Amino acid sequence: MPASVLWAVDLFGRVYTLSTAGQCWELCKDVQMEFKRVSATTQCCWGIACDNQVYLYMCASEVPIRCREEAYENQRWNPMGGFCEKLLPSDRWPWSDVSGLQHRPLDGVALPSPHWEWESDWYVDENFGGEPTEKGGWTYAIDFPASYTRGRKWNSCVRRRKWIRYRRYKARDTWAKIPSKDDPKELPDPFNDLSVGGWEITEEPVGRLSVWAVSLQGKVWYREGVSHPNPEGSSWSFVDTPGEAVQISCGPHDLLWVTLWEGQALVREGINRNNPKGSSWSIVEPPGSENGIMHVSVGVSVVWAITKDHKVWFRRGVNSHNPCGTSWIEMVGEMMMVNVGLNDQVWGVGCEDRAVYFRQGVTPSELSGKTWKAIVAGRENDRSHSGSSMSLLSAGCFFGDEVRVSGTESAPNDTDGSSEVERHGSEQPLPEESLDSSRSPKGSLAPGPGRTTECAVDTACSAEDKGKAVEAPSPEEHSGPAATPAELPWTNIDLKEPKKVTSHPASSFPETTGLSSLGLFPLGMEEPYGADDHLLWAWVSGAGCAVEAGSALKWFTVHSGLSPSVQTLSLSITPAQTAAWRKQIFQQLTERTKRELENFRHYEQAVEQSVWVKTGAVQWWCDWKPHKWVDVRVALEQFTGHDGARDSILFIYYLVHEEKKYLHVFLNEVTVLVPILNEAKHSFALYTPERTRQRWPVRLAAATEQDMNDWLALLSLSCCESRKIHGRPSPQAIWSITCKGDIFVSEPCPDLEGHEHLLPCDQMFWRQMGGHLRMVEANSRGVVWGIGYDHTAWVYTGGYGGGCFQGLASSTSNIYPQSDVKSVYIYENQRWNPVTGYSSRGLPTDRYMWSDVTGLQECTKAGTKPPSLQWTWVSDWFVDFSVPGGTDPEGWQYASDFPASYHGYKMMKDFVRRRCWARKCKLVTSGPWLEVAPIALGDVSIIPESPDNSEREHNIALWAVSDKGDILCRLGVSELNPAGSSWLHIGTDQPFASVSIGACYQVWAVARDGSAFYRGSVSPSQPAGDCWYHIPSPPKQRLTQVSVGQTSVYALDENGNLWYRAGITPSYPQGSSWEHVSNNVRKVSVGPLDQVWVIANKVQGSHSLSRGTVCRRTGVQPREPKGQGWDYGIGGGWDHISVRANATVGTHSMSQEQETHGPVCC
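Just so we're clear, the structure is a prediction, and the values are computed from it rather than from any experiment.

Caption draft 1: Expanded view of the UniProt feature "domain: Peroxin/Ferlin" (unreviewed entry) in the protein. With numbering matched to this structure, UniProt assigns "domain: Peroxin/Ferlin" (unreviewed entry) to residues 64-125, 137-170, 819-880 and 891-924. Taken end to end, residues 137-170 has its terminal C-alpha atoms 30 Å apart, with 0% of it in helix and 44% in strand.

Put into structure tokens, the structure is as follows:
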């Protein structure tokens, strides 16, 4: 997981950050300002400075924040002078916005604040609906407003063209003051508190934030228009409240709580996509009548509060449907403030010690957590600590300078149950020397040397505890059994229901005191440094800090150096000596083995071969009709010959009319073992060349996920052993992805791309790699990148296995955790009738009222499950507003009938409508992949290199498209550093969807509107090129993907048509025209030999129809670049393939081709 940061403000107004991967507080780069409090997200931080003004800190990123300004030039034709700017009085402005209602001259468009800068001057946009316009960018129509066309007609009386200009946000890694309105009378009051959230509001567009603030006069303000393209927002709007507010907290979703001066809390209701400011307020009473609420912090489904007596409270029963919750629960500890961050993790600032605390044990099932633990990270420029056990801070201990007791009972305390070492240490008796230490005051309990226990000796006081002095116990009392930590009544959670204070004896009501009452970390007593050496905190914000439940952090211990003896020993052993010792030991073992075996070589082997059998009970999808799952017994028999060669046979025993029969599969004939996407069973399939041609694999289903993983790992290992395939894939391997997200590789042989003895691709052997991806891209130098369904980028580490492949089927290193998130979509369909309007009662011939996108399969909210049993739901159902065609404010799309062309507005003849619902699910696995943070990607392309490439000293060219449509170029990619070093942003006029770089540095890309572009002058010395050239798309087609080989360029449109770009020459790399090659194609990949592989949408076999089949284009030659036919391989269920690393070709075929046609040059 990539590192994120925790933000905090000390008592002097200095802002610090603490990384989840670090151990030291780092002072913010811009230290000119002093702040009161901050509110952070993953990409930015908002703060209130000591001048009560609002500032924004945007973290630096390799992808700039760009915003496009548009203006339209309008002209009308007249008989005298042709088209001119002299318009009719009823016409729009000569220079206007897209609607024509607002006057918008080019010199009147100004930057919104000093923190922006122009990228370039105004220029004409010559792209219209994915097609290039005529020179000048004019589009024509009969009148304003009307439907515009690219070409001029005889009745074209008006025309317009679009001028665009980009501005870039330049205030990065610095505090930028948020501008106010021009009129001083309308300025908001000076602000007292601020909170940022709302980035995960249900159905909210990605990148939008909700910024709320409270003024010194108790008014609540909302910042309008804050989003990723506009990080500063536009203006402040006032939100009326029933009382004077003092503090506010906004969660990632739709929770918003406000604290009032009277001690009550306000809860905002009605927050949604269409109304992010909400609609009404509800009042929540404080936990007690004596002490009102002073501070509140909210998360996704939790609310924490601090009352005026600094007690910590947790609100129970909070969710999106009930934002007010049900009741209060008191927690152990006394805090100045608390803050709820990502994943509902909680931080706080102690009341007396002013230390930052982290709430441990917070999980989705236990949102209140278990214990508070102090963060003992130092500053980046601090002196190194000695690590002495006499320092409470260095020991990370919760002991104070005084232990207060009430009677003979001890109160339950918090303890961290995550460390067995600490738990063991707490069971040791306390040394008597530590009780009489001259360093501790009389009656204090100080930890002994070497003690690492983290505990809070939190004694119970009487219920009243009002001014009564607690006597310090004598040393004799400490030496008793009751004082030993081993007998303390530990507890895992510190919840207390609110209750009235009654007059009972002090010994009958033990009450846990707060952390601050212990006198934790008394300043100047335990540390020899001054008060300034220990940071005193005033505020903490964790909304940008991602801490997964159970993750290991380095914040709670101060690591001291090694002892001198250990340092001396480690420094005396050099790596060269270690390598020499290993080599010597290996040689001695080899010689001893030879001596021992030499004396027995003349004996015959007692056992020439061995047989190993594994049996089990599974289910089998029978080959005959009616097809159904039947219970069978399977047996895997593995033979080992005297030469060490292994071969295996899988037997499947079944019953037919009470007669026992079997079928067998030789594992050396199996071409792939693939898990099947099934929401009800743990199933997988076995393919052989014959069953691949029939499109009818052997399908088996195990009872549990563990059984399926065991069988998959065993069968895969047996297949690899029979084919003598071990270890990591070769650099020229072919990679592919199934629709389930599983990753497969195949080792190419020289005959795979040969012209004389062509190897059928249904005989290729595929083995599974660990991990889960949506797409993969490879290079012949061993660099492999992948992208998950959640747009996370991953780089291959060089290992193999992971996931369900453990032991011998997996490498022992380079295996890392991996997760992926995807959405499941269903559709709500309705038909209009004159009585009730739109309702869920359709015609008998209509589709299901809850269905999939095709309407052929019924899918309800309750009946829809995750894609397979490996996925788990991580969200509720929400309306998806990002469907093609647009939606109305409620998410509906309208059409005349099912199925038809849908649009986002209602017309007179629209009798049906539909609405898309989505729900997110998550998968957790492992594999040889490392995350490349922090930019999410939508597509990636690595340059394919031929075997005779002489430029291997250069870095490997890698281009990508971000999830927002930005074009990026990765710098520093090489065999030793496959992840690269940094991103270089390439400017574009519109968002892109696909990019591909060829073997000769020819870069092609496809925009989201379906238009194609070529990037000119890309080279190793100029990796970004110079400009884009607009390439016309095929007639009436919108392109979705492009792939470039050595000289060939192929593109795919939204209707599954495959196109070849003809006329490409070194002097004219843009080509001349598109030529149709085939239809029924889902994905295309062109390799360094200009070989063409695709994923076909439908392939008919002798037994079944398969969707998602790997196919290869045959007959591809320099004089026949489009090829002649298709060779069908493995399938179905495949979704992606990459052959861009395969430059393997037969020696005879290569030499003959070079003799006949000569070398191919770019």
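Caption draft 2: Main features of the environment of Glu117. Tracing the backbone through its elements, the reader meets Glu117 in strand 10 (residues 116-118). For Glu117, a relative accessible area of 35% gives the class partly exposed. Measuring from C-alpha to C-alpha, the distance between Glu117 and Arg168 comes to 5.4 Å, with 51 residues separating the pair along the chain. Ignoring anything within four residues of it in the chain, the contact list for Glu117 reads Leu111, Tyr166, Arg167, Arg168 and Lys170.

Caption draft 3: View of the sheet that holds strand 69 (residues 1073-1078). The strand order across the open sheet formed by four strands is 66-67-68-69, and the pairing between neighbours is antiparallel. Two strands close off the open sheet at either side, each with one partner strand: strand 66 (1039-1044) and strand 69. Taken pair by pair, the neighbouring strands of this sheet meet at an average axis angle of 30°, ignoring direction. The pairing of strand 67 (residues 1049-1053) with strand 68 (residues 1058-1062) spans three bridges and is classified as antiparallel. Paired with Tyr1050 across the bridge in strand 68 is Tyr1060.

Caption draft 4: Summary view of the pattern of salt bridges. Per the stated rule, a full pass over the model turns up 28 salt bridges. Two residues, Arg168 and Glu119, come together in a salt bridge whose shortest N-O distance is 2.7 Å. Here Arg168, found in strand 15 (residues 158-169), pairs with Glu119, found in the loop between strand 10 and strand 11 (123-124); they are 49 residues apart in sequence, far enough to count as distant. Its relative accessible area of 28% is what places Arg168 among the partly exposed residues. As a salt-bridge pair, Glu334 and Lys311 come within 3.3 Å of each other at their nearest N and O atoms. Placement of the pair is Glu334 in strand 28 (residues 327-340) and Lys311 in strand 27 (residues 311-316), with a sequence separation of 23 residues. Of the residues examined, Glu334 reaches a relative accessible area of 14% and is grouped as buried. Taken together, the shared-partner salt bridges in this structure form one network comprising Arg66, Glu119 and Arg168.

Caption draft 5: The arrangement of unusual backbone geometry in detail. With an omega dihedral of -25°, the bond running from Phe898 to Pro899 counts as a cis peptide bond. Among the structural elements, Pro899 can be located in the loop between strand 55 (892-895) and strand 56 (912-927). A positive phi angle is found at Glu658, which is not glycine, with a value near 60°. When you line up the elements, Glu658 lands in the loop between strand 39 (646-656) and strand 40 (659-666). In this structure, Tyr1001 takes a positive phi of about 65° despite not being glycine. Position of Tyr1001 among the secondary structure elements: in the loop between strand 62 (992-997) and strand 63 (1003-1007).

Caption draft 6: Seen up close, the environment of Pro748. With respect to the helices and strands, the residue Pro748 is situated in the loop between strand 45 (743-746) and strand 46 (766-769). The exposure class of Pro748 is buried, given its relative accessible area of 15%. Remark: the alpha-carbon pair of Pro748 and Asn1142, spanning 394 residues in sequence, is separated by 7.1 Å. Apart from residues no more than four positions distant in its own chain, Pro748 is found in contact with Gln732, Ala733, Ile734, Asn1142 and Thr1144.

Caption draft 7: Molecular detail of the packing of aromatic side chains. For the structure shown, the criterion picks out 44 aromatic pairs. Their ring planes at 75° and their centres at 5.6 Å tell us that Trp620 and Trp624 sit as a pair that is edge-to-face. Judged by centre distance (5.9 Å) and plane angle (85°), the rings of Trp785 and Trp983 are edge-to-face. One end of the pair, Trp785, is in strand 48 (residues 784-787); the other, Trp983, is in strand 61 (residues 982-986), with 198 residues separating them in the sequence. Of the residues examined, Trp785 reaches a relative accessible area of 0% and is grouped as buried.

Caption draft 8: Structural view of the sheet that holds strand 48. Ordered in space as 47-48-49-57, the four strands form an open sheet in which the pairing is antiparallel. The sheet terminates laterally at strand 47 (775-778) and strand 57 (929-932), the two strands that pair on one side only. Ignoring which end each strand starts from, the neighbouring axes of this sheet average 30° apart. As paired strands, strand 49 (residues 793-796) and strand 57 are joined by four bridges and run antiparallel to one another. Across the sheet, the residue bridging to Trp794 is Glu931, located in strand 57.

Caption draft 9: Broad picture of the environment of Thr174. Mapped onto the elements, Thr174 comes out in the loop between strand 15 and strand 16 (175-177). Look at Thr174 and you get partly exposed, because its relative accessible area is 26%. When near neighbours in sequence (up to four residues on either side) are disregarded, Thr174 contacts Asp30, Leu56, Tyr57 and Met58.

Caption draft 10: Looking closely at the confidence of the model for the protein. For the protein, per-residue confidence averages 81 on the pLDDT scale, and 79% of positions sit at 70 or higher. Overall, residues 383-532 carries pLDDT values under 50, and its contacts beyond four positions in sequence, including any with other chains, amount to 230 contacts. Considering only residues more than four positions removed or in separate chains, one finds that residues 1147-1162, a stretch of pLDDT under 50, has 22 contacts.

Caption draft 11: Highlighting helix 8 (residues 705-722). A rise of 1.5 Å per residue sets the reference length of helix 8, with its 18 residues, at 26 Å; its end C-alpha atoms lie 26 Å apart and thus fit the reference within 8%. Within helix 8, 13 of the 18 residues are buried, which leaves it mostly tucked inside the rest of the structure. One or two positions beyond helix 8, positive phi appears at Lys724, with a value near 55°.

Caption draft 12: Just the nonpolar core, in detail. Membership of the largest hydrophobic core comes to 36 residues, with the highest contact counts inside it found for Trp785, Leu937, Trp959, Ile967 and Trp983. Where this core is concerned, the elements lending two or more residues are strand 48, strand 49, strand 58 (937-942), strand 59 (958-962), strand 60 (967-971), strand 61, strand 62 and strand 63. With four residues, strand 59 is the single largest residue contributor to this core. Excluding residues within four positions of it along the chain, Leu937 makes contact with Arg774, Trp785, Ile787, His791, Ala793, Ala960, Val961, Ser962, Asp963, Leu968 and Trp983. If you look at the next biggest cluster of nonpolar residues, it comprises 33 residues, including Trp7, Tyr16, Val38 and Ile375.

Caption draft 13: Representation of the pairing of strand 63 in the model. Of all the five residues making up strand 63, five are buried; the element is thus mostly covered by neighbouring parts of the structure. Burial along strand 63 is two-sided: Val1003, Ala1005 and Ala1007 and Trp1004 and Val1006, pointing in opposite directions, are all buried. When strand 62 meets strand 63, the two strands line up antiparallel, connected through five bridges. Across the sheet, Phe992 pairs through a bridge with Ala1007, a residue of strand 63. With antiparallel pairing between neighbouring strands as the criterion, strand 62 and strand 63 make up a hairpin whose turn holds five residues, including Tyr1001 at a positive phi of roughly 65°.

Rules of the game
- Residues numbered from 1 in each chain as written.
- Predicted model: local features only at pLDDT ≥ 70, side-chain atom pairs only at ≥ 80, totals over all residues.
- Heavy atoms only, no water.
- UniProt positions renumbered as here; feature names shortened; annotations may be inferred.
- Helix = DSSP H or I, 4+ residues; strand = E, 2+ residues; numbered from the N terminus.
- Buried < 20%, exposed > 50% of the residue type's maximum accessible area, 1.4 Å probe, protein only.
- Contact = heavy atoms within 4.5 Å.
- Pairing = 2+ DSSP bridges.
- Axes fitted to C-alpha atoms, helices over the stretch in contact; angles between N-to-C directions.
- Salt bridge = Lys/Arg side-chain N within 4 Å of Asp/Glu carboxyl O.
- Phe/Tyr/Trp six-rings, centres within 6.5 Å; stacked < 30°, edge-to-face > 60°.
- pLDDT = per-residue confidence, 0-100.
- Expected span 1.5 Å × (residues − 1).
- Core = buried A, V, L, I, M, F, W, Y, C linked by side-chain atoms within 4.5 Å.

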